[in-house]
Amino acid sequence: MPQASANDLHFPPPRLPDEVTALRAEVRAFLANSLAADAWQPNSDFGAGFAPEFSRQIAAKGWIGMTWPKDYGGHGRSNLERYVVTEELLAAGAPVFAHWIADRQSGPLLLRFGSEAQRQTLLPRIAAGECFFSIGMSEPDSGSDLASVRTLAERTPAGWRLNGAKVWTSNAHLNHFMITLCRTGEAGEDRHGGLSQFLIDLQQDGVTINPIVNMLGTHEFNEVVFDDVEIPEDRLIGQEGDGWRQVTSELAYERSGPERFLSNFHIFRTLIDAIGPEPDARQAEAIGRLTGRLWTLRRMSLSVAAMLEAGESPDVEAAIVKELGNRFEREVVETSRAVYAVQPATSPGGNAADFPALMAEAILRQPSFTLRGGTTEIMRSIIARGLGLR
Ligand SMILES: Cc1cc2nc3c(=O)[nH]c(=O)nc-3n(C[C@H](O)[C@H](O)[C@H](O)COP(=O)(O)OP(=O)(O)OC[C@H]3O[C@@H](n4cnc5c(N)ncnc54)[C@H](O)[C@@H]3O)c2cc1C
């Protein structure tokens, strides 16, 4: 008996409050000024720009921890206001990745499940752009099937002892903390029991961070090995054994934002600039088709943000936006190659005058879009289950 059907899917038209328009203008003006001052170069993937100084500037504007309570260094603003800020940062290709994970998911996770002491010590530092987080989910044999993680935390008189390894950990070599999912007990019949989350100091004894060089030849992610890492009791996040519920709520934050279709928007904008004001028929058709898809995705994504603001849990709608959005991002790269002939060439850069360098980078980054944050097949499986089709 299906639990839901396609009729239950809904993307209600979002209504943006007036203050959002003024905020958008403020973000645009800030970004235009800082770009003009040569503070950064637009990037071809939002995950590529790690710039702590830029993150501190964003924090000083009140744009990190925007929705969190003021008592924890936040700014008490709405999800839709936060949406507008993230959308503008992504559209500009700004170097946001230093603070992105902490702002998007680690902070909200601590706010919801963390102890009062964890909230008070960490959230104000995150909101100030001073404290950056990694995601410790994937392992050498556990990616899509996250419930199979084998990193083990065992009880000791003073807390816990951690052994195991995480992999593909973005920026573990640059960040301060990792929130790690590990096994603390028996999995039980549904395989979701016995998991817990811990706050790990990445500088701590027993933590070894080994670089993994990606196809571009750059060091962005890592293998992180835990060898008898002693964890004090107060580093457990939430309840022992409640890790599955906690991590799935974290994944909802990870998957639902506009970075799932805007992460390489700069390439699309650069393509249009490179083609210029007189596109041929094929180029005009391609730009028009991509623009139409982009606008539809934006409308759907905003609708998800509005539902989150209203306290709903639009998990299936968010998975649909991610699945369609990631395919769109790959299509931006493929279409650019098809309608604008350049010989991709690796050299630093990334503006309209340097389209070959941008394309060389984009082609090598493109496969990661449908992997990170959950693969296409996993998104489709969530959608199918949500619709009662499996
Ligand atoms: C750029 C980048 C950054 C990342 N950063 C982080 C990070 O910071 N922290 C972190 O924890 N992880 C990170 N990851 C890892 C990412 O979450 C995993 O790569 C992803 O979840 C897939 O897991 P896997 O690589 O083990 O592939 P697998 O799970 O082994 O999947 C391999 C293939 O099999 C398919 N497949 C698997 N199971 C099923 C199924 N049940 N039904 C149908 N098809 C299936 C998948 O869709 C995929 O195509 C990052 C990945 C990338 C690319």
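Residues numbered from 1 in each chain as written. Predicted model: local features only at pLDDT ≥ 70, side-chain atom pairs only at ≥ 80, totals over all residues. Heavy atoms only, no water.

### Quick look at the overall build of the protein
Scanning the protein from N- to C-terminus turns up 12 helices and 8 strands. Its C-alpha atoms give the protein a radius of gyration of 21 Å, near enough to 21 Å, the size a compact globule of 390 residues would have. Referenced to the eigenvectors of the C-alpha coordinate spread, the extents of the protein come out at roughly 70 × 50 × 40 Å. A burial count over the protein gives 52% of its 390 residues as buried. For the protein, long-range pairs separated by at least 24 residues make up 74% of all intrachain contacts whose partners lie at least 6 apart in sequence. Approximately 17200 Å² of the protein is accessible, and the part contributed by carbon and sulfur atoms is 53%. Here the protein contributes 37 positively and 50 negatively charged side chains, and the mean placements of these two sets differ by 3 Å. (Helix = DSSP H or I, 4+ residues; strand = E, 2+ residues; numbered from the N terminus. Rg over C-alpha atoms; globule rule 2.2 N^0.38 Å. Buried < 20%, exposed > 50% of the residue type's maximum accessible area, 1.4 Å probe, protein only. Contact = heavy atoms within 4.5 Å. Areas by Shrake-Rupley, 256 points an atom, 1.4 Å probe, with all protein chains shown as cover. Lys, Arg positive; Asp, Glu negative; His and termini not counted. Charge placed at Lys NZ, Arg CZ, Asp CG, Glu CD.)

### Details of the nonpolar core
Formed by 82 residues in total, the largest nonpolar core has its most connected members in Leu-31, Phe-54, Leu-89 and Phe-133. Broken down by element, the residue count for this core peaks at 10 residues, all from helix α9 (residues 281–309). What Phe-54 contacts, discounting residues up to four positions off in sequence, is Phe-30, Leu-31, Ser-34, Trp-40, Leu-89, Ala-94, Pro-95 and Val-96. With 15 residues, the next largest nonpolar core counts Ala-153, Phe-198, Val-224 and Leu-236 among its residues. (Core = buried A, V, L, I, M, F, W, Y, C linked by side-chain atoms within 4.5 Å.)

### Re α9
For α9, built from 29 residues, the straight-helix expectation of 42 Å at 1.5 Å per residue is met to within 8% by its first-to-last C-alpha distance of 42 Å. Among the residues of α9, the N-terminal cap falls to Asp-280, whose side-chain oxygen and the backbone nitrogen of Arg-282 are separated by 3.1 Å. Downstream of α9 by one or two residues, Gly-311 has phi in the positive range, about 85 degrees. (Expected span 1.5 Å × (residues − 1). Polar contact = N/O pair within 3.5 Å; in protein donor to acceptor, adjacent residues only side chain to side chain.)

### Structural notes on the site of the ligand
For the ligand, the set of nearby residues contains 15 residues, the closest of which are Ser-138, Ser-144, Trp-168, Thr-375 and Glu-377. For the ligand, a nitrogen atom lies 2.8 Å from a polar atom in the backbone of Ile-135. Thr-375 places a side-chain nitrogen or oxygen 2.6 Å from an oxygen atom of the ligand. Against a free-state accessible area of 970 Å², the protein chains account for coverage of 62% of the ligand. In the shell around the ligand, the residues fall into 6 nonpolar, 7 polar and 2 charged. (Near = heavy atom within 4 Å. Nonpolar A, V, L, I, M, F, W, Y, C, P; charged D, E, K, R; others polar.)

### Observations concerning the domain arrangement of the protein
By domain assignment, the protein separates into domain 1 (6–132), domain 2 (135–242) and domain 3 (247–386). Distance from the C-alpha centre of domain 2 to the C-alpha centre of domain 3: 29 Å. Listed as interface residues are 12 residues of domain 2 and, on the opposing side, 10 residues of domain 3. For the pair domain 2 and domain 3, the two sides together bury roughly 900 Å², of which 66% comes from carbon and sulfur. Between domain 2 and domain 3 we count 1 salt bridge in total. Arg-365 serves as the salt-bridge partner of Glu-220, at 2.7 Å between the closest nitrogen and oxygen. On the surface where domain 2 and domain 3 come into contact, there are 2 residue pairs in polar contact (both at pLDDT 80 or more). The residue makeup of the side of domain 2 that touches domain 3, split by class, is 7 nonpolar, 4 polar and 1 charged. (Domains from an automatic or database assignment. Buried area = accessible area lost by both parts, 1.4 Å probe. Salt bridge = Lys/Arg side-chain N within 4 Å of Asp/Glu carboxyl O.)

### Quick look at the packing of helix α1 (residues 18–36) against helix α3 (residues 79–92)
Interhelical geometry of α1 versus α3 gives an angle of 30 degrees and a closest axis separation of 9 Å. If you check the angle between α1 and α3, you find them roughly parallel. Remark: the crossing between α1 and α3 carries right-handed chirality. In this structure, α1 contributes Glu-19, Val-20, Leu-23, Arg-24, Val-27, Arg-28 and Leu-31 to the contact, and α3 contributes Leu-80, Glu-81, Val-84, Val-85, Glu-87, Glu-88, Leu-89 and Ala-92. A per-class count over the contact of α1 with α3 returns 9 nonpolar, no polar and 6 charged. (Axes fitted to C-alpha atoms, helices over the stretch in contact; angles between N-to-C directions. Parallel < 35°, antiparallel > 145°, perpendicular 65-115°, else oblique. Left-handed = near helix turned anticlockwise from the far one by under 90°.)

### Here's the deal with the packing of helix α8 (residues 265–275) against helix α11 (residues 355–365)
Packing of α8 against α11 brings their axes to within 11 Å, and their N-to-C directions diverge by 150 degrees. In this structure, α8 crosses over α11, and the sense of that crossing is left-handed. Where α8 approaches α11, its residues His-266, Ile-267, Thr-270, Leu-271 and Ala-274 are matched on the opposing element by Phe-355, Leu-358, Met-359 and Ala-362. Residue composition of the contact of α8 with α11, by class: 7 nonpolar, 2 polar and no charged.

### A word on the environment of Pro-12
Along the chain, the position of Pro-12 falls in the segment before α1. For the pair Pro-12 and Ala-306, spaced 294 residues apart in the sequence, the C-alpha separation amounts to 8.5 Å. Those residues in contact with Pro-12, other than ones at most four positions away along the chain, are Arg-299, Ser-303 and Met-307.

### Side note on unusual backbone geometry
Positive phi is not limited to glycine here, since Arg-191 has a value of about 70 degrees. Note on placement: Arg-191 falls in the loop between β4 (177–183) and β5 (195–201). At Asp-228, a position not held by glycine, the phi torsion is positive, near 50 degrees. With respect to the helices and strands, Asp-228 occurs in strand β7 (residues 219–232).

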